[in-house]
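# A structural walkthrough
Here's the letter readout for the chains.
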Amino acid sequence: MKRTILIFLHFSICIGTFFHFLSHANSQLSAQEQGILLNLKKLWGNPESLRHWIPTNSSSHCSWPEITCSNSSIIGLSFRDYNINGTVAPFICNLKNLTTFDVYNNSFHSKEFPRALYNCSKLEILDLSQNYFYGAIPDDIHRMSRLRELSLEGNNFDGNIPASIGQLQELRKLMLISCLFTGSFPQEIGNLSNLEELKLVDNSKIVSTFPLEFGKLKKLKYLWMARTNLIGEIPNTIGEMEALEYLDLSENNLMGRIPGSLFMPKNLRIVYLHRNNFSGEIPHVVKALNLDVIDLSENKLTGTIPDDFGKLKHLTSLALFLNQLSGKIPDSIGHLPGLVYLGLFNNNFSGSLPAELGRYSMLEKLWISTNRLTGQLPEHLCDNGKLVEVIAYENQLVGELPESFGNCSSLELVKIYRNNFSGNVPSGLWTSSNLNMLMLSDNSFTGELPERLAWNLSRLEMNNNCFSGKIPQGVSSSRNLLVLMASNNLLNGTIPQDLSSLTILLLDQNQLSGSLPLAIDSWKSLNTLNLSRNAISGQIPEELGSLQRLSELDLSENQLSGLIPSKLGFLNLTSLNLSSNHLTGSIPSEFEYNEYAHSFLNNPGLCANRPSRSFNLENCNSSQKGSSLNFYATIAGIISLVVAVLRGLLFLFSLIRKNKFHLTWKLVSSQKLSFTKSDILSGLIANNLIGYGGSGQVYRVVVNHSGDIVAVKKIWNNRKLEEKLEKEFLAEVKILSSIRHANIVELLCCISNDNSKLLVYKYLDNWSLDHWLHKKSRATIPSSSIDHVVLDWPKRLHIAVGAAQGLSYMHHDCSPPIVHRDVKSSNILLDLDFNAQIADFGLAKILINEGELATMPAVAGSSGYIAPEYAGTTRINEKIDVYSFGVILLELTTGRKANDGDEHSSLAEWALRHIEDGKPIDDALDEEVKELCHLNEMCHVFKLGLYCTSTQPSTRPSMKVVLKVLLQCSQPIRND
Ligand SMILES: *[C@@H]1O[C@H](CO)[C@@H](O)[C@H](O)[C@H]1NC(C)=O
Ligand SMILES: *[C@@H]1O[C@H](CO)[C@@H](O)[C@H](O)[C@H]1NC(C)=O
Ligand SMILES: *[C@@H]1O[C@H](CO)[C@@H](O)[C@H](O)[C@H]1NC(C)=O
């Protein structure tokens, strides 16, 4: 018995020591692991973000947020956004149990792939993305045989992607986004039989076909290969990826037919194949019944919409625009319960629209313009009260507009010009509470204009219809209406007196009568006035000559009589027509130039003081000789004599004042041009107007037979510049037109006279940044086909970098530095690839006295961008541009307008308060582009915007620094 007890005792002591020994060993290992961490911290220069790594004597490091442990042994290190600037030390692999190493978005750097990590024999998850690693992926990458996730996104890795990557059999996720790889994608990737996510997007140096072998990726759910220079055809094996849910091959150079197997994978939900060169028909067999988004737009597809699309109960978005598709839109599309967006514009669709469209789904956007559609617009489009945009112009649609349009308050945009609609416009549509543009031209609408218009309506186009009745005061004076085009209708009554904000008023070819109103103060925004071919009588009021912004005036083919007010000669007109009236007396001397040879035709009582052959007008001096018995001519002669005397006096007077009334245009440039002054001047017509507001109007002008296009910015200045200022301005033009930089809009020349300046720039296709960011201001773009694109975050960042490059160049590489003084999103122009170019360097503002800055309507568009010190001092430096640029960064990240914080604050003030109130930055970011994978970049850029908009100029960074920071955010452009 004793013996048994003894043995038992002995035994339990043994066990005790054993356990004791074990726990001792464990804590020793633990201490070793902590030591490794502390060495790392030291190696990385004790970064602020690891301040809490303080040595302790237990395994407490397991509770540090960066560390994951299992059984007190470290298995995971994660330093996402830790602002660490360091290298990957080989001794990391002394953490024998390490499975995860994640350094996403830091400043880790290395000339080559950190092969030291091969010694981390248990490593499963490796995330090196958004750092500064260089070099190729090594050929023996397969030695990391346990890898389940590998992300190298946003580094400077280059060279060929090695075939051996296909041996990483455990790999579930492979992310090789935005690097500098060359060659093509190895077919061996197809051997990764466990792969679920493959992201190869934005590898612009690769040229590759779509590997046939990808069909073997049976578990692949997510395939993202947009913008990777894919060429050739997609192999039919694509349909063999049976687990596929998300497929994005957009913006490549793929061609040929879309394989018939495309819609086979049963769980496929999202398909983006837009912007390629696919031809042939859309695959007609659809097994993927959960499809949610199909975007095949901007290809060369032919044939019809597959009937099978009518089975897609979850389809919300169908984009097939800019193809060559034809046939009838299947009726079944009208029954889809999820359909929100239907984009079919610029195809050859014919037949009538599905009658039930809008009845069963929350339809928001119907974009079907430029097809050959017939029949009526479906009655039910707005049944669910969500319809926002109906873009149906250039079809053959007939009948009345659906009655329901009169009760559809969600509508913002109705563009249905060039159809065969008839009947009255539903009365509720005119006043629909959100309506911004209503374009009805070239139809057969009848009925009268309403008493008032939707308060927000900025553009009403109704040329070439059968509208009749008077023009109610409430229409012409509508507060936000900028454009009213009503040429060629049956309107009668008198010309409206009150025009409020109108810049373009076309009422030609109607039955308007009475005389022109005299009190026309409210006409001062007018740029274009066309009242020709009516029955307007009486005299031309002198007040017309005070409309400083007027540049096109057509009063031809009316019953106007009396003298032409000499004040009209002061206007800065690009086109004038007073032909076919009963005007008498001499024409103002400013018009005695060949440009105006056809402006005064068929007015028998008119004469000229210096008649020329091209003019065909009597000489005012000779017409009194009495050889003609024409009564009018006699009267005219007397009058013109008086006028001549007056003019003589005026001329003397003007000589004394050293003031020339001649509106001769001078051209200044420092390069050879492919066009002449008159090419430009003759192009300044309403049809070419693409923007107005701010400091002037902008025209798009095709200048010669080879189709060269320029943008002409016309700057108003009501008074003549002081000589010194004028010289300064022209000197600046000379400098600027000699500058060549990829991010500065090329200034070709300046054409100027005493009253205005025309700045002629190279034309860029993609408008300006504000058009993209703030859709409302796109009101000024007539029917643009780019309406549909949202400016995603990578594009926004790319634009920010470009603009920063331009500003930085002008500030730091020019001597003396050139300050812009008017940086704003409408001065950042974009080309087809969204490369930013800055316009208007330093010019517009020279024309404005500093003191007038706050009050001038000409700079109203700049409010929100102006640095606080600008108002108080005349000594400014480039830091005012940094401020304005900061505001642009805030616009890009928040999507808000510069002057739109809330009630009374600017965006910069709003952003600062947002932070001071302790609200998360996330909440301030633009919902439209906010995606998890960009959140960090967006936050960085937002913060940078705040720095740039510091009140104290001295605390704002220089553009050089701003550019550096932006480049760090933006991987693909980084190359230092
Ligand atoms: C790794 O984990 C195992 C199992 O939890 C443990 O026994 C071993 O001690 C750990 N290794 C190190 C170096 O901590
Ligand atoms: C792995 O560790 C061993 C021993 O410490 C070393 O000799 C070898 O160079 C390391 N391998 C790599 C790829 O760094
Ligand atoms: C003015 O209108 C008449 C028709 O009334 C036309 O013949 C003439 O060419 C027009 N002139 C200009 C400058 O457009």
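What you are looking at is a predicted structure, and each value in this text was computed from that prediction instead of being measured.

## A word on the overall build of the protein chain
The secondary structure content of the protein chain amounts to 14 helices and 54 strands. Per-residue burial for the protein chain yields a buried fraction of 55% across its 976 residues. Once local pairs closer than 6 in sequence are excluded, the contacts in the protein chain between residues at least 24 apart make up 50%. Summed over its atoms, the accessible surface of the protein chain is roughly 41,500 Å², and 52% of this surface lies on carbon and sulfur atoms.

## Notes on the site of ligand 1
All residues in the neighbourhood of ligand 1 are listed as Leu29, Glu33, Asn71, Ser73, Lys96 and Asn97. Within the side chain of Asn71, an N or O atom sits 3.3 Å from an oxygen atom of ligand 1. Within the complex, 58% of the 360 Å² of free accessible area of ligand 1 lies under protein. The residue makeup of the shell around ligand 1, split by class, is one nonpolar, three polar and two charged.

## Overview of the site of ligand 2
Residues in close proximity to ligand 2 include Arg115, Ala116 and Asn119, which together make up its full environment. Contact with the protein chains hides 35% of the accessible area of ligand 2, taken as 360 Å² for the molecule alone.

## Considerations on the pairing of strand β32 (residues 444–448)
Within a regular strand, the side chains alternate between the two sheet faces. By the alternation rule, side chains of β32 split into Phe445 and Gly447, which are all buried, and Ser444, Thr446 and Glu448, of which none is buried. Both β32 and strand β34 (residues 466–469) contribute to a ladder of three bridges, which runs parallel. Among the inter-strand pairings, Thr446 is bridged to a residue of β34, identified as Cys466.

## Considerations on unusual backbone geometry
Phi angles above zero are rare outside glycine, and Asn464 is one such case at about 55°. Positive phi, normally seen in glycine, also occurs at Gln509, with a value near 55°. Within the element layout of this structure, Gln509 appears in the loop between β37 (504–506) and β38 (513–515). Take Gln509: its relative accessible area is 28%, and that puts it in the partly exposed class.

## Considerations on the packing of aromatic side chains
One pair of aromatic rings is described through two measures. These are the centre distance and the angle between the planes. With the rule as written, the count across this model stands at 21 aromatic pairs. Judged by centre distance (6.0 Å) and plane angle (75°), the ring pair of Phe79 and Tyr82 falls under edge-to-face. A single burial state applies to Phe79 and to Tyr82, both of which are buried. Taken together, Trp44, Trp53, Trp64, Phe79, Tyr82 and Phe108 form an aromatic cluster joined through their ring pairs. A cation sits over an aromatic face here: Arg610 above Tyr593, 6.0 Å from the ring centre.

## Examining the pattern of salt bridges
Tallying each qualifying case throughout the model produces 21 salt bridges. In this structure, the salt-bridge partner of Asp292 is Arg269, at a minimum N-O distance of 4.0 Å. One end of the pair, Asp292, is in the loop between β18 (277–280) and β19 (293–295); the other, Arg269, is in the loop between β16 (253–257) and β17 (270–272), with 23 residues separating them in the sequence. Looking at Arg269, the relative accessible area reads 37%, which means it is partly exposed. For Lys311, the salt bridge identified is with Asp308, shortest N-O distance 3.1 Å. On the basis of relative accessible area, Asp308 is assigned to the buried category, the value being 15%. Through salt bridges with shared partners, one network takes in Arg80, Asp102 and Asp127.

## Looking at the sheet that holds strand β8 (residues 156–160)
Reading across from one edge, β4-β6-β8-β10 is the order of the four strands in this open sheet, with parallel pairing throughout. The strands lining the two open edges of the sheet, one partner per strand, are β4 (109–110) and β10 (180–182). Here two bridges tie β4 to strand β6 (residues 132–136), and the two strands are oriented parallel to one another. In the sheet register, Ser110 faces β6, and the bridge partner there is Phe133.

## Here's the deal with the state of the cysteines
Going through the model one piece at a time under the given rule, you end up with four disulfides. Disulfide pairing places Cys93 opposite Cys120 at an S-S distance of 2.1 Å. Of note, the bridge from Cys93 to Cys120 carries an S-S torsion of about -90° and is left-handed in sense. Residue Cys93 is found in the loop between β2 (73–78) and β3 (100–102), and its partner Cys120 is found in the loop between β4 and β5 (125–127); the two are separated by 27 residues along the sequence. A residue is classified by how much of its surface remains accessible, and Cys120, at 6% relative accessible area, is buried.

## Some details on helix α13 (residues 935–948)
Helix length check: α13 (14 residues) gives 20 Å between terminal C-alpha atoms against 20 Å at 1.5 Å per residue, within 8%. The set of residues buried in α13 consists of Leu935, Glu937, Met938, Cys939, Val941, Phe942, Leu944, Gly945, Leu946 and Cys948. Those residues of α13 that are buried lie in contact with α8 (793–813), α11 (879–894), α12 (907–916) and α14 (959–969).

## A look at the environment of Gly45
Note that Gly45 resides in the loop between α1 (2–43) and β1 (67–70). As a C-alpha pair, Gly45 and Asn85 span 40 residues in sequence and 8.0 Å in three-dimensional space.

## Brief notes about α14
Of all the positions in α14, only Met959, Val962, Leu963, Leu966, Leu967 and Cys969 are classed as buried. Burial along α14 is one-sided: seen end-on, the buried residues are contained in an arc of 150°. Looking at the packing, one finds that the buried side of α14 touches α8, α11 and α13.

Reading the values: rules and limits
- Residues numbered from 1 in each chain as written.
- Chains lettered and ligands numbered in written order.
- Predicted model: local features only at pLDDT ≥ 70, side-chain atom pairs only at ≥ 80, totals over all residues.
- Heavy atoms only, no water.
- Helix = DSSP H or I, 4+ residues; strand = E, 2+ residues; numbered from the N terminus.
- Buried < 20%, exposed > 50% of the residue type's maximum accessible area, 1.4 Å probe, protein only.
- Contact = heavy atoms within 4.5 Å.
- Areas by Shrake-Rupley, 256 points an atom, 1.4 Å probe, with all protein chains shown as cover.
- Near = heavy atom within 4 Å.
- Polar contact = N/O pair within 3.5 Å; in protein donor to acceptor, adjacent residues only side chain to side chain.
- Nonpolar A, V, L, I, M, F, W, Y, C, P; charged D, E, K, R; others polar.
- Pairing = 2+ DSSP bridges.
- Phe/Tyr/Trp six-rings, centres within 6.5 Å; stacked < 30°, edge-to-face > 60°.
- Lys NZ or Arg CZ within 6 Å of the ring centre and 35° of its normal.
- Salt bridge = Lys/Arg side-chain N within 4 Å of Asp/Glu carboxyl O.
- Disulfide = S-S within 2.5 Å.
- Expected span 1.5 Å × (residues − 1).
- Arc of directions from axis to C-beta.

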